Amino acid sequence: MADVFVSYARSDRPRVAPLVAAIEARGWSVWWDPEIATGQDFDRQIATELNVAKAVLVVWTPKSVESRWVRGEAREAAERGILVPVRFEQASLPIDVRSFHTTDLDDASQDPGSPQVQQVMRALETMIADAHAQSPVPASAPPQPVGESTRVAICVLPFTNMSGDPEQEYFSDGISEDIITDLSKVSALAVTARNSAFMFKGKSVDVPRVARELHVSHVLEGSVRKAGGRVRITAQLVDGASNDHVWAERYDRDLSDIFALQDEISQAIVKALKLKLLPEEKQAIEQRGTDNVEAYDLYLMARQLYVGAHEGDASRAESIVRLARRATELDPGYARAWALLALGQVVLRYVHGGAFDDGMAAAERALALDSGLAEAHAIKARICAEAGRDDVASTEIEIALRLDPESYEANRTAAFLDYRHHRWADAIGHYEKAMSLMDTDVHSGTMLASIYGAIGDEHGAVRIARMTLVRAEQALAQDPNNHAVMAFEAVALATVGESERARKCMAHAIAMDPDNVKTRYNFACCLIGPLNETEAALEMLAPLFARISVGLLNHVKVDPDLEPLRDDPRFKAMIAAAQARLATGDGDSFMPGPA
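The numbers attached to residues start from 1 for each chain and follow its sequence in the written order. Under the rules for a predicted model, residues below a pLDDT of 70 receive no local features and side-chain atom pairs below 80 are neither given nor counted, while totals for whole chains, interfaces and linings still include all residues. Excluded from the side-chain calculation are hydrogens and water; included are all heavy atoms of the structure.

1. Comments concerning the overall build of the protein chain
Scanning the protein chain for helices and strands turns up 25 helices and eleven strands. The C-alpha atoms of the protein chain give 25 Å as radius of gyration, which agrees with the globular expectation for 595 residues (25 Å, within 12%). Its C-alpha atoms put the protein chain at 75 × 65 × 45 Å along the principal axes. The buried share of the protein chain, taken over its 595 residues, is 56%. The way it works is that DSSP assigns letters per residue, a run of H or I at least four long becomes a helix, a run of E at least two long becomes a strand, and they are numbered from the N terminus. In this description the radius of gyration comes from C-alpha coordinates, and the expected globular size is given by 2.2 Å times residues to the power 0.38. Burial classification: accessible surface area is computed with a 1.4 Å probe over protein chains only, and a residue below 20% of its type maximum counts as buried, one above 50% as exposed, and the rest as partly exposed.

Pasting the structure below:
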């Protein structure tokens, strides 16, 4: 745990590095994002380091003042009284921190002996000395007993699928995710995010080790067996320190009782921990969005396809649409199913092209049923962005993030919008957040590698590529024929320098689906960048340009991965030929999400 936490925009790293060196030269430890190790939970580590820092140095620049992450970290530091702000380029400070004395460092940060830098060092020294004077509890001290004002930290491990059918995995994962969501509604509990909990899926678990690694006091584990019209769920709550069972139960019920069963489990855990469930929390837990078990089951199937890198696979997106549409037919009031239907339609139209519904009607239906559904606002934001309605898209994504800052879809869509407008620092924050929220997300990792490449951050690109590679290999171990994941694996391999493996992976994916637009586009970017094979990239793009849409052509114009081709006459000829063809109305008009 470091003395000083440094908050800044990634693009300002060259300015920040000398400040970090000056702080470390004083003997103080520093945490800034290069300290994140491969595979760590980005969001969790940031929160942990920010909470224990004795001082927070915020570097304000025209870029960082636009970053929600930097502004949020500054507010938290200000509330704790440990904010030390500095500024470059006379950046206009956020209104809620303007009352704090801010040191201007233009032309001074490179000189550790300058009066300005020394002023910053004195401010940090005061903060650190005050923290030591308060005699905090040593890190090795035993945890304090849980009191009325202290939340109990708990992790819900993914329940084991005991059905004997791997295709039933969606159901056990869905139950696990719903219990995580339910317990997160209890104010007295601090619940580990799905991403961290699902890292232990399929592994032999040592509960005390899990508790130590995730900094929780209790772990919930269990199993699900679904057969015919019956479901059996076993669950046990374990004390992370003693490894003793605090509570355990086995339920054998009709499948029609699944909602009541989930409520019972959540309430039993709260009771076992001797916590109080507020009336509004009990009501929130019992709101499932549907009372139709068959619709719920279909939604879980579609949801599992969605989190499994479906965007690169048209057949998966088609399955999502079929399953979600059937769920809405069974329960027309199921807002989440409508939102997922809209998302599937967006992918089919704007990623794979063709005359598909744009998803707006389904998104609007979801919002009419539940205006507080963050995912529906996020999907609407994406649809509006694809249609060039950036003002509406911006409003909708702000609503989505305000409703649920922990929403995977909201963060991923926010990152997409930032990417489209080259707001790299914010895009990085939202894509990193998305990866921290969804353990199966490989798409965001590929996009992050692209952004880090655009800003010249090789360290960041390799770090994320390694994380993406681990996730891709885990997904392919379960489904070796998932060519969409294969495409992301190839890009990650190339980024970390595994060129030959990347080429083999690319050849395999192309052989499986030679006409996949998304796969070809990603591989072309990979060939241009990490593999440095321009000729091969042009060959990869040629079939794509022969049937490219207006939307994808517009994306080509803003994608930083294609910059090395901008002046190539062959690339220009491809664009000109595509524009001439599209001018005659020959081709579908669609705009994919970031490749």
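There is more to say, and it comes next.
2. Observations regarding the packing of aromatic side chains
Where two aromatic rings form a pair, the distance of their centres and the angle of their planes describe that pair. The criterion for an aromatic pair is that two Phe, Tyr or Trp rings (for Trp, the six-membered ring) have centres within 6.5 Å, with stacked assigned to planes under 30 degrees apart, edge-to-face to planes over 60 apart and tilted to the rest. All told, the structure shown has eight aromatic pairs when counted by the stated rule. Judged by centre distance (5.1 Å) and plane angle (20°), the rings of phenylalanine 5 and tryptophan 31 are stacked. Of this pair, phenylalanine 5 sits in strand E1 (residues 4-7) while tryptophan 31 sits in strand E2 (residues 30-31), and the two are 26 residues apart along the sequence. Since its relative accessible area comes to 2%, phenylalanine 5 is described here as buried. Here tyrosine 419 and tryptophan 424 contribute two aromatic rings whose centre-to-centre distance is 5.4 Å and whose plane-to-plane angle is 75°, an arrangement assigned as edge-to-face. Tyrosine 419 gets classed as buried once you look at its relative accessible area, which sits at 1%. Take tryptophan 424: its relative accessible area is 16%, and that puts it in the buried class. Above the face of the phenylalanine 198 ring, arginine 194 is positioned so that its terminal group lies 4.1 Å from the ring centre. Its end group placed over the ring of phenylalanine 171, lysine 226 keeps NZ or CZ at 5.2 Å from the ring centre. Here, over-ring charges are defined by two tests on the NZ atom of lysine or the CZ atom of arginine: distance to the ring centre within 6 Å, and angle to the ring normal within 35 degrees.

3. Let's talk about the pattern of salt bridges
The salt bridge definition used is simple: a Lys or Arg side-chain nitrogen within 4 Å of an Asp or Glu carboxyl oxygen. Scanning the model with the defined rule gives 35 salt bridges in all. Between arginine 253 and glutamate 264 there is a salt bridge, with its nearest N and O atoms 2.9 Å apart. Highlighted residues: arginine 253 in strand E11 (residues 245-254) and glutamate 264 in helix H8 (residues 258-272), separated in sequence by eleven residues. For arginine 253, a relative accessible area of 21% translates into the label partly exposed. The salt bridge partner of aspartate 418 is arginine 423, with a shortest N-O separation of 2.9 Å. When its relative accessible area of 40% is taken as the criterion, arginine 423 is described as partly exposed. Several salt bridges converge on common partners, so that one network encompasses Arg10, Arg13, Glu432, Asp457 and Arg463.

4. Some points on the pairing of E1
Neither face of E1 is exposed, since Val4 and Val6 on one face and Phe5 and Ser7 on the opposite face are all buried. DSSP bridges decide pairing: two strands pair if at least two such bridges lie between them. Sheet topology note: the E1/E2 ladder contains two bridges and is parallel. Following the sheet pairing, valine 4 is matched in E2 by valine 30. For the crossover from E1 across helix H1 (residues 13-25) to E2, the handedness is right-handed. Where E1 lies against strand E3 (residues 55-60), four bridges are found, and the strand directions are parallel. Pairing of phenylalanine 5 across the sheet is with valine 56, part of E3. Handedness rule for crossovers: strands pointing away from the viewer, path from the first strand over the helix to the second running clockwise, crossover right-handed.

5. Overview of helix H20 (residues 483-495)
Helix span, expected: 1.5 Å multiplied by one less than the number of residues in the helix. Here H20 spans 19 Å end to end across 13 residues, near enough to the 18 Å set by a 1.5 Å rise per residue. For H20, a buried count of 13 out of 13 residues is recorded, marking the element as mostly surrounded by other parts of the structure. Just downstream of H20, glycine 497 is the residue with a positive phi angle, here 95°.

6. Re the environment of alanine 9
Structurally, alanine 9 is set in the loop between E1 and H1. Given a relative accessible area of 2%, alanine 9 falls into the buried group. By definition, residues are in contact when any of their heavy atoms lie within 4.5 Å. Leaving out residues up to four positions away in the same chain, alanine 9 has contacts with Lys63, Ser64, Val70 and Ala425.

7. Here we look at the packing of helix H14 (residues 374-386) against helix H16 (residues 408-420)
At a minimum axis distance of 8 Å, the contact between H14 and H16 shows a crossing angle of 20°. The orientation of H14 with respect to H16, classified from their angle, is roughly parallel. For the crossing formed where H14 meets H16, the hand is left-handed. Every residue of H16 that contacts H14 at Glu375, Ala378, Ile379, Ala381, Arg382, Ala385 and Glu386 is listed here: Glu409, Ala410, Thr413, Phe416, Leu417 and Arg420. Among the residues forming the contact of H14 with H16, the class breakdown is seven nonpolar, one polar and five charged. Fitted lines through C-alpha atoms give the axes, limited to the stretch in contact for helices. The angle between two N-to-C directions lies from 0 to 180 degrees. Throughout this description, any angle smaller than 35 degrees is read as roughly parallel, any larger than 145 degrees as roughly antiparallel, any in the 65 to 115 degree range as roughly perpendicular, and the remainder as oblique. Crossings are sorted by hand: turned counterclockwise from the far helix by less than a right angle, the near helix makes the crossing left-handed, and turned clockwise it makes it right-handed. Basically, the charged four are Asp, Glu, Lys and Arg, the nonpolar ten are Ala, Val, Leu, Ile, Met, Phe, Trp, Tyr, Cys and Pro, and anything else, Gly included, counts as polar.

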